[in-house]
Amino acid sequence: DAGVIQSPRHEVTEMGQEVTLRCKPISGHNSLFWYRQTMMRGLELLIYFNNNVPIDDSGMPEDRFSAKMPNASFSTLKIQPSEPRDSAVYFCASRETGGANVLTFGAGSRLTVL
Amino acid sequence: AQSVAQPEDQVNVAEGNPLTVKCTYSVSGNPYLFWYVQYPNRGLQFLLKYITGDNLVKGSYGFEAEFNKSQTSFHLKKPSALVSDSALYFCAVRDLYGDTGRRALTFGSGTRLQVQP
């Protein structure tokens with residue numbers, strides 16, 4: 001298994017541009033999580049899905065952020081418009097049913113908004 | 001609400017010496033507790049977990065952690081540190097009986113472990 005796959009690994013964009021981050025979870029895992037990591041705030045849960053349905057999006061910073069999971073093998077996190085304070089590493093993680101909460105993380109997408 | 005505290009931003013230890021990385025937690029019910037490690041430019045990797053049973057749990061790479069309910073702690077330990085153990089370590093918690101909104105893990109702020117040769 002290739003693990004959780006995220007793309008792009010690095011993204012540099014200008015303020016105001018739309019950013020789309022992508023995630024492919026491990027096949028058979030039914031829960032997917034988006035986390036954001038910054039020096040100031042550490043690891044923050046943004047949103048998570050169970051069986052493709054958003055369960056808790058209370059961590060999504062504001063309306064500029066949106067996440068979708070159209071099927072079991074793909075999720076996107078979109079920021080529109082992006083701002084410099086959105087600069088962070090965004091991690092996707094997946095978890096199997098009955099997996100005692102062991103998350104498998106992707107390598108992350110490092111976003112820099114100029 | 002559930003929360004995790006890692007009181008040390010950094011821990012320095014000499015190679016061959018024992019190491020401890022501290023973690024305390026707060027949940028309303030019984031906890032699921034985890035340790036993850038992050039190497040530079042990588043995602044977090046699972047080390048070990050406590051769900052129930054023995055208070056001392058053993059994990060990957062020779063690490064172990066001790067669950068102490070009275071002190072609400074879950075400190076990570078290793079008898080003999082290696083230079084290759086140098087990384088960022090995260091403690092995480094989930095409330096076993098939490099409602100839907102708390103089924104995700106809450107992570108601590110992380111502790112950087114530096115093992116000197």
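Thresholds applied
- Residues numbered from 1 in each chain as written.
- Chains lettered and ligands numbered in written order.
- Predicted model: local features only at pLDDT ≥ 70, side-chain atom pairs only at ≥ 80, totals over all residues.
- Heavy atoms only, no water.
- Helix = DSSP H or I, 4+ residues; strand = E, 2+ residues; numbered from the N terminus.
- Rg over C-alpha atoms; globule rule 2.2 N^0.38 Å.
- Buried < 20%, exposed > 50% of the residue type's maximum accessible area, 1.4 Å probe, protein only.
- Contact = heavy atoms within 4.5 Å.
- pLDDT = per-residue confidence, 0-100.
- Phe/Tyr/Trp six-rings, centres within 6.5 Å; stacked < 30°, edge-to-face > 60°.
- Salt bridge = Lys/Arg side-chain N within 4 Å of Asp/Glu carboxyl O.
- Pairing = 2+ DSSP bridges.
- Axes fitted to C-alpha atoms, helices over the stretch in contact; angles between N-to-C directions.
- Buried area = accessible area lost by both parts, 1.4 Å probe.
- Polar contact = N/O pair within 3.5 Å; in protein donor to acceptor, adjacent residues only side chain to side chain.
- Disulfide = S-S within 2.5 Å.

**Looking at the overall build of chain B**
Next up, step 1: A count of helices and strands for chain B gives zero helices and 12 strands.
Next up, step 2: Along chain B, helices (α) and strands (β) appear in the sequence β-β-β-β-β-β-β-β-β-β-β-β when read from the amino end.
Next up, step 3: Relative to a compact globule of 117 residues, whose C-alpha radius of gyration would be 13 Å, chain B shows 14 Å and is just as compact.
Next up, step 4: Dimensions of chain B, computed from the C-alpha atoms along their principal axes, are close to 45 × 30 × 20 Å.
Next up, step 5: Every one of the 117 residues in chain B was classed for burial, and the buried ones make up 47%.
Next up, step 6: For chain B, long-range pairs separated by at least 24 residues make up 58% of all intrachain contacts whose partners lie at least 6 apart in sequence.

**Some thoughts on the confidence of the model for chain A**
Next up, step 1: When pLDDT is averaged along chain A, the result is 93; 96% of the residues meet or exceed 70.
Next up, step 2: When the elements of chain A are averaged for pLDDT, strand 6 (residues 53–56) of chain A gives the smallest value, 89, and strand 3 (residues 19–24) of chain A the largest, 98.

**A word on the packing of aromatic side chains**
Next up, step 1: By the definition in use, this model includes 16 aromatic pairs over all chains.
Next up, step 2: Centre to centre, the rings of Tyr25(B) and Phe67(B) are 6.1 Å apart; their planes meet at 25°, and the pair counts as stacked. With a gap of 42 residues between them, Tyr25(B) in strand 4 (residues 24–26) and Phe67(B) in strand 8 (residues 64–68) connect regions that are remote in the sequence. For the residue pair Tyr25(B) and Phe67(B), the accessibility class agrees, reading buried in each case.
Next up, step 3: Between the aromatic rings of Phe34(B) and Tyr36(B), the centroid separation amounts to 6.4 Å while the plane-to-plane angle is 35°, which identifies the pairing as tilted. Accessibility classification places Phe34(B) together with Tyr36(B) in one group, the buried group.
Next up, step 4: Each residue in the set Phe33(A), Tyr35(A), Tyr48(A), Phe91(A), Phe105(A), Phe34(B), Tyr36(B), Phe46(B), Phe90(B) and Phe107(B) is aromatic and connected to the rest through ring pairs, giving one cluster.

**So, the pattern of salt bridges**
Residue and element names in this part refer to chain A.
Next up, step 1: The full count for this structure, using the stated rule, is 11 salt bridges over all chains.
Next up, step 2: Here Arg41 makes a salt bridge to Glu44, at a shortest N to O gap of 2.7 Å.
Next up, step 3: The exposure class of Arg41 is exposed, given its relative accessible area of 57%.
Next up, step 4: What makes Glu44 buried here is its relative accessible area of 16%.
Next up, step 5: Each of the salt bridges in this network shares a partner with another, and the network as a whole consists of Glu62, Arg64, Glu83, Arg85 and Asp86.

**Thoughts on the sheet that holds strand 3 of chain A**
Residue and element names in this part refer to chain A.
Next up, step 1: The strand order 1-3-8-7 describes an open sheet built from four strands, whose pairing is antiparallel. The outermost strands of the open sheet, each flanked by one partner alone, are strand 1 (5–7) and strand 7 (65–71). The average angle at which neighbouring strand axes cross in this sheet is 15°, direction not considered.
Next up, step 2: Note that strand 7 and strand 8 (residues 74–79) share five bridges and pair antiparallel. The residue of strand 8 that forms the bridge with Ala67 is Leu77.

**Brief notes about the interface of chain B and chain A**
Next up, step 1: With 20 residues of chain B in contact, the opposing surface of chain A contributes 19 residues.
Next up, step 2: For the pair chain B and chain A, the two sides together bury roughly 1,500 Å², of which 58% comes from carbon and sulfur.
Next up, step 3: Sorting the residues of chain B by area buried against chain A places Leu44(B), Ala104(B) and Phe107(B) first, and these three jointly supply 27% of that buried surface.
Next up, step 4: Our count for the contact surface shared by chain B and chain A stands at zero salt bridges.
Next up, step 5: Our count for the contact surface shared by chain B and chain A stands at four residue pairs in polar contact (both at pLDDT 80 or more).

**Some points on the state of the cysteines**
Next up, step 1: Throughout the structure, instances matching the rule amount to two disulfides over all chains.
Next up, step 2: The disulfide partner of Cys23(A) is Cys92(A), and the gap between their sulfur atoms is 1.9 Å. Where Cys23(A) bonds to Cys92(A) through sulfur, the torsion about that S-S bond is close to -70°, and the disulfide is left-handed. Remark: Cys92(A) occurs in strand 9 (residues 88–96) and Cys23(A) occurs in strand 3; sequence separation between them is 69 residues.
Next up, step 3: Overall, Cys23(A) belongs to the buried group, its relative accessible area being 1%.
Next up, step 4: Residue Cys92(A) is classed as buried on the basis of its relative accessible area, which comes to 0%.
Next up, step 5: With a sulfur-sulfur separation of 2.0 Å, Cys23(B) is cross-linked through a disulfide to Cys91(B). Measuring handedness by torsion sign, the sulfur bridge of Cys23(B) and Cys91(B) sits at about -65° and is left-handed.

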